[in-house]
Amino acid sequence: SSTFSLNHSTNLSWAQVIDTTKSDYKQILASARYFAKNGEDVEILPNVQHGARDFDYKTIYADLIGTEYEGKCPDLRCTKDGVSVYREVKGYSDNTDGKRAIKNMLNRGLEQSPRVIIQRHPDWTDYFVKKVIANRCRNGDKIDEVWIQEGETENVMIIYKKTEG
């Protein structure tokens, strides 16, 4: 894998099989840089369709085996203080309205991880996003974190974090 050091204690790395031509690569890379600059060791992970995998799933995603996310390929593994979490980055098509955009991004993102970074839509207010997340939690969706990203930038903010209890 390749490593990009942002400072002495934090690294951003990615596997050799990352497709840098994918439409969401810039968004994923910017998200990864945000978390790396904020003290996490971040690895951009391969996202290859089933059957076309030219990497060892069991090696890269060992800690997903035996969980409900086994077989999934989230975009990022973020490690801080020895604890790793997976995050999925999602964007939307230019012509998608705000309600459809958030529904699609959460549906697709939560299939990969309970921690999702979604691209802000111009029609959204923070209140609207929080209301959608609260409704989904009430309806049984497993959501641990939702972050909002401004376009393909490193401007990322948390809008929801599950509290214990």
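Treat the numbers as computed from the prediction; the structure is a model and nothing was measured.

K.L.:
With reference to specific residues and values, describe the pairing of strand E8 (residues 156-161).
P.N.:
Inspection of the sheet shows strand E7 (residues 145-149) paired to E8 by five bridges, in the antiparallel sense. The residue of E8 that forms the bridge with glutamine 149 is valine 156. Counting the residues in the hairpin turn of E7 and E8 gives six residues, including glycine 151, whose phi is positive at 55 degrees.

K.L.:
How would you summarise the layout of surface pockets if you had to cite specific residues and measurements?
P.N.:
Of the volumes computed, that of the second largest pocket is approximately 190 Å³. The wall of the second largest pocket is formed by 15 residues, among which Leu64, Tyr69, Tyr86, Pro114 and Arg115 lie closest to the centre. Residue contributions to the lining of the second largest pocket peak at three residues, all from strand E5 (residues 83-90). Its residues placed into classes, the lining of the second largest pocket shows six nonpolar, four polar and five charged.

K.L.:
Let's hear about the packing of aromatic side chains: which residues, and what values?
P.N.:
The geometry of an aromatic ring pair is captured by the separation of the ring centres together with the interplanar angle, meaning the angle of the planes. As enumerated under the stated definition, the model contains four aromatic pairs in all. Ring geometry for phenylalanine 35 and tryptophan 147: centres 4.8 Å apart, planes at 85 degrees, overall edge-to-face. Of this pair, phenylalanine 35 sits in helix H1 (residues 25-37) while tryptophan 147 sits in strand E7, and the two are 112 residues apart along the sequence. Considered together, phenylalanine 35 and tryptophan 147 belong to a single accessibility category, that of buried residues.

K.L.:
So what about H1? Which residues, and what values?
P.N.:
An ideal rise of 1.5 Å per residue puts 18 Å on 13 residues; H1 measures up with 18 Å between its terminal C-alpha atoms. Counting buried positions along H1 gives ten out of 13 residues, so the element sits mostly inside the fold. Residues of H1 that are buried include every one of Tyr25, Gln27, Ile28, Leu29, Ala30, Ser31, Ala32, Tyr34, Phe35 and Ala36, and no others. Backbone geometry just after H1 places glycine 39 at a positive phi near 95 degrees.

K.L.:
Which residues make up the environment of glutamate 43, and what values go with them?
P.N.:
Summarising the element assignment, glutamate 43 is placed in strand E3 (residues 41-44). At 2.8 Å, the side chain of glutamate 43 and the side chain of arginine 77 are in polar contact.

K.L.:
Break down the nonpolar core for me, with residues and values.
P.N.:
Judged by nonpolar contacts, the single largest core of 18 residues is most densely connected at Leu12, Phe35, Val42, Ile44, Leu76 and Ile117. Elements represented by at least two residues in this core include exactly H1, E3, strand E4 (76-80) and E5. In terms of residues, this core owes the most to one element, H1, which gives seven residues. One finds Ile102, Val116, Ile118 and Trp124 within the second-largest nonpolar core, a separate group that totals 16 residues.

K.L.:
Outline the side chain of glutamine 27, supporting the account with residue identities and numerical values.
P.N.:
Assignment of secondary structure puts glutamine 27 in helix H1. Polar side-chain contacts of glutamine 27 include one of 3.1 Å to the side chain of glutamine 149. Residues in contact with glutamine 27, not counting those within four places in the same chain, are Val89, Lys90, Gly91, Ile118, Gln119, Gln149, Gly151 and Glu152.

Cut-off values and rules
- Residues numbered from 1 in each chain as written.
- Predicted model: local features only at pLDDT ≥ 70, side-chain atom pairs only at ≥ 80, totals over all residues.
- Heavy atoms only, no water.
- Pairing = 2+ DSSP bridges.
- Helix = DSSP H or I, 4+ residues; strand = E, 2+ residues; numbered from the N terminus.
- 1 Å grid on protein atoms, 1.4 Å probe; cavity = no way out; pocket = protein on both sides within 12 Å on 5 of 7 lines; lining within 4 Å.
- Points joined across faces, edges and corners; volume = space filled by probe spheres on them.
- Nonpolar A, V, L, I, M, F, W, Y, C, P; charged D, E, K, R; others polar.
- Phe/Tyr/Trp six-rings, centres within 6.5 Å; stacked < 30°, edge-to-face > 60°.
- Buried < 20%, exposed > 50% of the residue type's maximum accessible area, 1.4 Å probe, protein only.
- Expected span 1.5 Å × (residues − 1).
- Polar contact = N/O pair within 3.5 Å; in protein donor to acceptor, adjacent residues only side chain to side chain.
- Core = buried A, V, L, I, M, F, W, Y, C linked by side-chain atoms within 4.5 Å.
- Contact = heavy atoms within 4.5 Å.

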